[in-house]
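Now for the letters of each chain:
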Amino acid sequence: MPFKPQAVIFDAYGTLFDVHSVVRRVGAGIPGDLQALSELWRQKQLEYTWLRALMERYEDFWNVTEAALRSAVRQLSVQATDRQLERLMQAYLFPAAFADATSALETLKGPPLAILSNGSPGMLESAVRNNGLESHFAEVISVDRVKTYKPSPRVYALGSSILNLPAAEILFVSSNLWDAAGAKAFGYTVCWCNRSGAKIEDWGFAPDFTVRRLDQIEETLARNHSESEAF
């Protein structure tokens, strides 16, 4: 049977919003390899969420993000001032949306759209508002409601519960493969936005389909629908 989503849930950071835009925008003046800093900051940010989820020692994403930044700076021996670190943190409230995000949201109009993210409520509200995306979303859902992080099933349950739909009837979209696997394990129909062309991992929970850009989702759904009807 062709799949027609009754709702679409997007991950935020790395999917709708470019986390590396933060360092590119305000990192001038910080010595060292800024790309390495941005990449390690993101790596530590994710590692800290997984660790806190496993330990059941929740702190919100703002605090985790700051701790990850300070750890990355120490590990890379970056000589950054407190003022420069504060500028980076404040810029995290305004990450740039990927160029394909707005067009994708426009083409997917119809079923309700939502965000389900590790971000704290304030961070998500700021990112959505400053990119002019408020009108697209019926719900912006933070893990703060359950005080843990992806890929905990408690997080993925939020989307299905709040939208009042079975997970299998919802399309979950993420550019983070580990997030896509967590959503698939929970029961969502999953699209992996593989921006970098990475090889898929064999975790036993493969996405239902893959795109390179968010604005390819609608076309892929339509093509899959046509192919299903042909059989």
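Heads up: the structure comes first, above all this text.
Residues numbered from 1 in each chain as written. Predicted model: local features only at pLDDT ≥ 70, side-chain atom pairs only at ≥ 80, totals over all residues. Heavy atoms only, no water.

1. Topic: the overall build of the protein chain
When its secondary structure is counted, the protein chain shows nine helices and eight strands. Whereas a compact globule of 231 residues would reach a radius of gyration of roughly 17 Å, the protein chain reaches 18 Å, a difference of no more than 12%. For the protein chain, with 231 residues in total, the buried portion stands at 49%. Relative to all contacts within the protein chain whose residues are 6 or more apart in sequence, the contacts with residues 24 or more apart total 63%. Total accessible area on the protein chain stands at roughly 11,100 Å², and carbon and sulfur atoms take up 51% of it. Here the protein chain contributes 23 positively and 27 negatively charged side chains, and the mean placements of these two sets differ by 4 Å. (Helix = DSSP H or I, 4+ residues; strand = E, 2+ residues; numbered from the N terminus. Rg over C-alpha atoms; globule rule 2.2 N^0.38 Å. Buried < 20%, exposed > 50% of the residue type's maximum accessible area, 1.4 Å probe, protein only. Contact = heavy atoms within 4.5 Å. Areas by Shrake-Rupley, 256 points an atom, 1.4 Å probe, with all protein chains shown as cover. Lys, Arg positive; Asp, Glu negative; His and termini not counted. Charge placed at Lys NZ, Arg CZ, Asp CG, Glu CD.)

2. Section: the packing of helix α2 (residues 34-55) against helix α3 (residues 61-75)
Put simply, α2 and α3 touch, their axes get as near as 8 Å, and they point 130° apart. Put simply, α2 runs oblique to α3. Considering how the two elements wind past one another, α2 and α3 form a crossing that is right-handed. Facing L37, L40, W41, K44, Q45, Y48, T49 and R52 of α2, the residues of α3 in contact are F61, V64, T65, A67, A68, L69, S71, A72, V73 and Q75. The residue makeup of the contact of α2 with α3, split by class, is eleven nonpolar, five polar and two charged. (Axes fitted to C-alpha atoms, helices over the stretch in contact; angles between N-to-C directions. Parallel < 35°, antiparallel > 145°, perpendicular 65-115°, else oblique. Left-handed = near helix turned anticlockwise from the far one by under 90°. Nonpolar A, V, L, I, M, F, W, Y, C, P; charged D, E, K, R; others polar.)

3. A short note on the nonpolar core
Counting residues in each nonpolar core, the largest one holds 69 residues, and the members touching the most others are F10, W41 and I217. With seven residues, α3 is the single largest residue contributor to this core. Each residue touching W41, except ones within four places of it in the same chain, is listed here: V22, V23, T65, A68, L69, A72, L88, M89 and Y92. (Core = buried A, V, L, I, M, F, W, Y, C linked by side-chain atoms within 4.5 Å.)

4. As for the environment of D33
Tracing the chain through its elements places D33 in the loop between α1 (21-26) and α2. The spatial distance from the C-alpha of D33 to the C-alpha of P2 is 48 Å, given a sequence separation of 31 residues. There is a polar contact of 3.1 Å between the side chain of D33 and the backbone nitrogen of A36. (Polar contact = N/O pair within 3.5 Å; in protein donor to acceptor, adjacent residues only side chain to side chain.)

5. A few points about helix α8 (residues 177-186)
For an α-helix the count is 3.6 residues per turn, leaving residues at separations of three or four pointing the same way. The buried fraction of α8 is high, at seven of ten residues. Every buried residue belonging to α8 is among L177, W178, D179, A180, A181, G182 and A183, and all of these are buried. On its buried face, α8 is in contact with α2, α7 (153-163), β6 (170-174) and β7 (189-193). Note on α8: the residue one or two positions beyond its end, G187, has a positive phi of about 130°.

6. Regarding helix α6 (residues 121-130)
Looking at α6, one finds that the buried residues are M123, L124, S126, A127 and V128. Elements that come into contact with the buried residues of α6 comprise β2 (17-18), α3, β4 (113-117) and β5 (139-142). Within two residues after α6, G132 carries a phi angle of roughly 65°, on the positive side.

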